[in-house]
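# Inside the fold
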Amino acid sequence: MAQRIYDGSAQTALEMDSGEKRLNELGYKQELRREMTLFKTLAITFSSMAVFTGTPLYGQSLMYAGPAALIWGWIVVTFFTWFVGLAMSEICSSFPTTGSLYFWAAHLAGPVWGPFASWCCAWLETIGVISGIGAQAYSGAQSLQMIILLSTGTNNGGGYFASRGVFLSIYIGYTIIWALLNTFALQVIAYLDIISIWWQVIGGMVVIIMLPLVARPTQPASYVFTHFETSPDTTGISSKPYAVIMSVLLSNYCLYGYDTAAHLTEETKGADRTGPIAILSSIGIISVFGWAYYLALTFSIKDASYLYDANNETGGASVPAQIIYDAFHGRYHNSAGAVVILCIIWGSFFFCGLSVTTSAGRVVYALARDNGIPYSKIWRKIHPKYKVPRNAVWLCTAISILLGLPILKLDVVFTAIISVSTIGWVGGYAVPIFARLMMDEKNFKAGPFYLGRASKPICLVAFLWICYTCSAFLLPTSYPIRWKNFNYAPVALGVCLSLIMLWWILDARKWFKGPVRNIDAQNGDI
C-alpha cells in the first residue's frame, strides 16, 4: 500500500504543471483556476497595452516639438522598453505568481530588505493599476464624446458635445461595466480579449492603411520625419530639450502594461514559459502597430494649426479625431468614415480598460492575501463559483470612480491620472529590477527564460530608464504654472506615498513580512 501511495504521488508530481510546481516551491498553493493558454494570456496582456492607447496624448505631443520628436521618440522609447521587458521576463520565469512584482521584490531583496522592498513595490503597483483604470475610462469617454459629436453634426453643425456631467457619467459607466464583466470567470475575459486582439490587429491595419489613402495628398516624409517646431506661445516652453521630453511622453505612456502577463501566471498553464513569451510578444506587437498608427495620423494632417482651433469640427478637444474627420470629409464630404474609424479606436479603449481592471483585481487580491491592506479578509475572498477575486475588483473600481470626480471642475484630470498611473505602474517595475541587479547571482534560481551574463547590464539600463520615465511625468506640462494647468501628479503621489511610508514606519514594519506562505511544501501539501 505504501508503494502504491508513493507511485501515485510521483505520478501527480510528473503531471503537475511546471508553473504550479514552481508556485508550490515558493510556498503557495494553487487557489485560482490554471486554465489560461499562451494565446489567451497574450490577448489580455496585449489588450492592457492597446494599439491606440496614446490617442488622447497625440495632440499635445505634436504641439510640443513637432512631428519629428514624436515619431523618433517612439523608436527611442521602444529600444529602452525592450531592456525593461527582458529584465521582467527573466524574473517572471523564476517567480510565476499572481503577486508578481511585489512578490519578486520580496524574494530578490533578501530577508533583511525584502519586506520593505515588497511594501514599496506593492503600493506603487496598486496605485498604478487602479489609476490605470481611470486613464482608460477617461480615454474611452473622450472617444465616445467625439463619436457622438461627429454623428450628430460636428461642433460647427449643431452636434452634441457632452457636458462635464455627461462625460463623468460615461467614465463611471465604463468602470462599472468592466467590473461586472470581471465578476465572472476569467475565461469570459479571456474570450473577450481574444476578440480584442483581433479587433486591434485588424482594426489597427484598417486605420493604418486606410487613413493615409483617404487623406491623399498626404504630408511629405520630410515633414513627418524631420520637421521640428516648438510652440512657446501655447505651451510656454521654449527650451528644445524640455519640449522633446514632453513630446516623448506619448511613447512613455503607451509602452507599458506588459506585466499583466505576470499577474495572470497563477492562472496560466506553464506560466514560467508562457509569461515571458506573452510579455515580449506584447511589446513587439505594440511597438510596430503603435508606431505605424502615429505615422498614419501624422502623414494625414491637413492643416496643423487648425487642429487646435476651438472652433473646428471637434471643438479643439481631440486632435486625432480632427485629423480623421478632415481626411474623410475632405474626400467624401461627410463624417461617416471618420465615425467608423473612431469606433475602432473606442473599442480599443474598452478592451484595454477591461484588461487593466482584470490586472488591478489580481494585484489587490495578491496584496490582501498577504495581509498588506486594511480589511484584507474581505479583499482576498475568491468567488466560490467563478474563482475570481470579485471583491478586489470592485474595490479597484470604487477608487477609480473617486479619481474621476474632479472631472466636474478641472481640465487637467487626465494629465494627473496618466502621470500617477505611469509613475506608479512603471515605478513598481523598478523595485524588483533593482533588487535583481544588486543580488548575488548564485542566489537567483533561474527559470526557463534566463539572460545569463547579460542579466546585470540589462537590469542596469532598465532601472535607469524607469527612473527617467517617472521623473519626466512629474514635470510641469506648461508655463507659466497656474491652477488650471498645474500637474497635480507630484502632489497626489507625494501625499499617497508619504502616508504609505508613515504607515510603514509607525506600524506596518512590525507585522508586514512580505508574501506569506500558505502551504508547507516540506510536509508535502502540494
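Now for a look at the structure at hand. (Residues numbered from 1 in each chain as written. Predicted model: local features only at pLDDT ≥ 70, side-chain atom pairs only at ≥ 80, totals over all residues. Heavy atoms only, no water.)

Our next topic: a nonpolar patch on the surface. Together, Phe39, Trp198, Ile202, Val206 and Met210 make up an exposed nonpolar region whose accessible area comes to about 450 Å². It is helix H7 (residues 186–215) that contributes the most residues to the nonpolar patch, 4 residues altogether. The topology assignment puts Val206 in helix H7. (Patch = residues over 30% accessible without salt bridge, like charges linked within 9 Å, V, L, I, M, F, W, Y side chains within 5 Å. Areas by Shrake-Rupley, 256 points an atom, 1.4 Å probe, with all protein chains shown as cover. Salt bridge = Lys/Arg side-chain N within 4 Å of Asp/Glu carboxyl O. Helix = DSSP H or I, 4+ residues; strand = E, 2+ residues; numbered from the N terminus.)

What follows is about helix H13 (residues 319–332). With 14 residues, H13 extends 20 Å between its outermost C-alpha atoms, agreeing within 8% with the 20 Å of an ideal straight helix rising 1.5 Å per residue. Within H13, 10 of the 14 residues are buried, which leaves the element mostly enclosed by the surrounding structure. All of the buried residues in H13 are Val319, Pro320, Ala321, Gln322, Ile323, Ile324, Tyr325, Asp326, Ala327 and Phe328. His333 lies just past H13 and shows a positive phi near 60 degrees. (Expected span 1.5 Å × (residues − 1). Buried < 20%, exposed > 50% of the residue type's maximum accessible area, 1.4 Å probe, protein only.)

Attention now goes to the side chain of Ser93. Examined against the element boundaries, Ser93 turns out to sit in helix H4 (residues 55–94). Not counting residues up to four positions away in its chain, the partners in contact with Ser93 are Asp272, Pro276, Gly447, Pro448 and Phe449. (Contact = heavy atoms within 4.5 Å.)

Further remarks concern the nonpolar core. Ranked by internal contacts, the top residues of the largest apolar core, which has 155 residues, are Tyr58, Tyr294, Tyr429 and Ile433. No other element matches helix H5 (residues 100–151), which puts 24 residues into this core. (Core = buried A, V, L, I, M, F, W, Y, C linked by side-chain atoms within 4.5 Å.)

With that settled, the discussion passes to the packing of aromatic side chains. Here the structure, examined in full by the defined rule, presents 36 aromatic pairs. Measuring from centroid to centroid gives 5.2 Å for Tyr256 and Trp425, while their planes differ by 70 degrees, and the two rings are edge-to-face. Taken together, the residues span a long stretch of sequence, with Tyr256 in the loop between helix H10 (240–254) and helix H11 (260–263) and Trp425 in helix H17 (residues 413–438) at a distance of 169 residues. The two residues Tyr256 and Trp425 agree in class, both being buried. Pairing Phe434 with Phe463 gives two aromatic rings, centres 4.9 Å apart and planes at 40 degrees, and the pair type is tilted. A residue pair is termed long-range when its members are at least 10 positions apart, and Phe434 in helix H17 and Phe463 in helix H18 (residues 455–472) qualify at 29 residues. Look at Phe434 and you get partly exposed, because its relative accessible area is 37%. Exposure remark for Phe463: the relative accessible area of 18% places this residue in the buried category. Members of the aromatic cluster, connected to one another through ring pairs, are Trp113, Phe116, Trp119, Trp123, Trp503, Trp504, Trp511 and Phe512. Sitting above the plane of the Phe444 ring, Arg436 keeps its charged end 3.8 Å from the centroid. (Phe/Tyr/Trp six-rings, centres within 6.5 Å; stacked < 30°, edge-to-face > 60°. Lys NZ or Arg CZ within 6 Å of the ring centre and 35° of its normal.)

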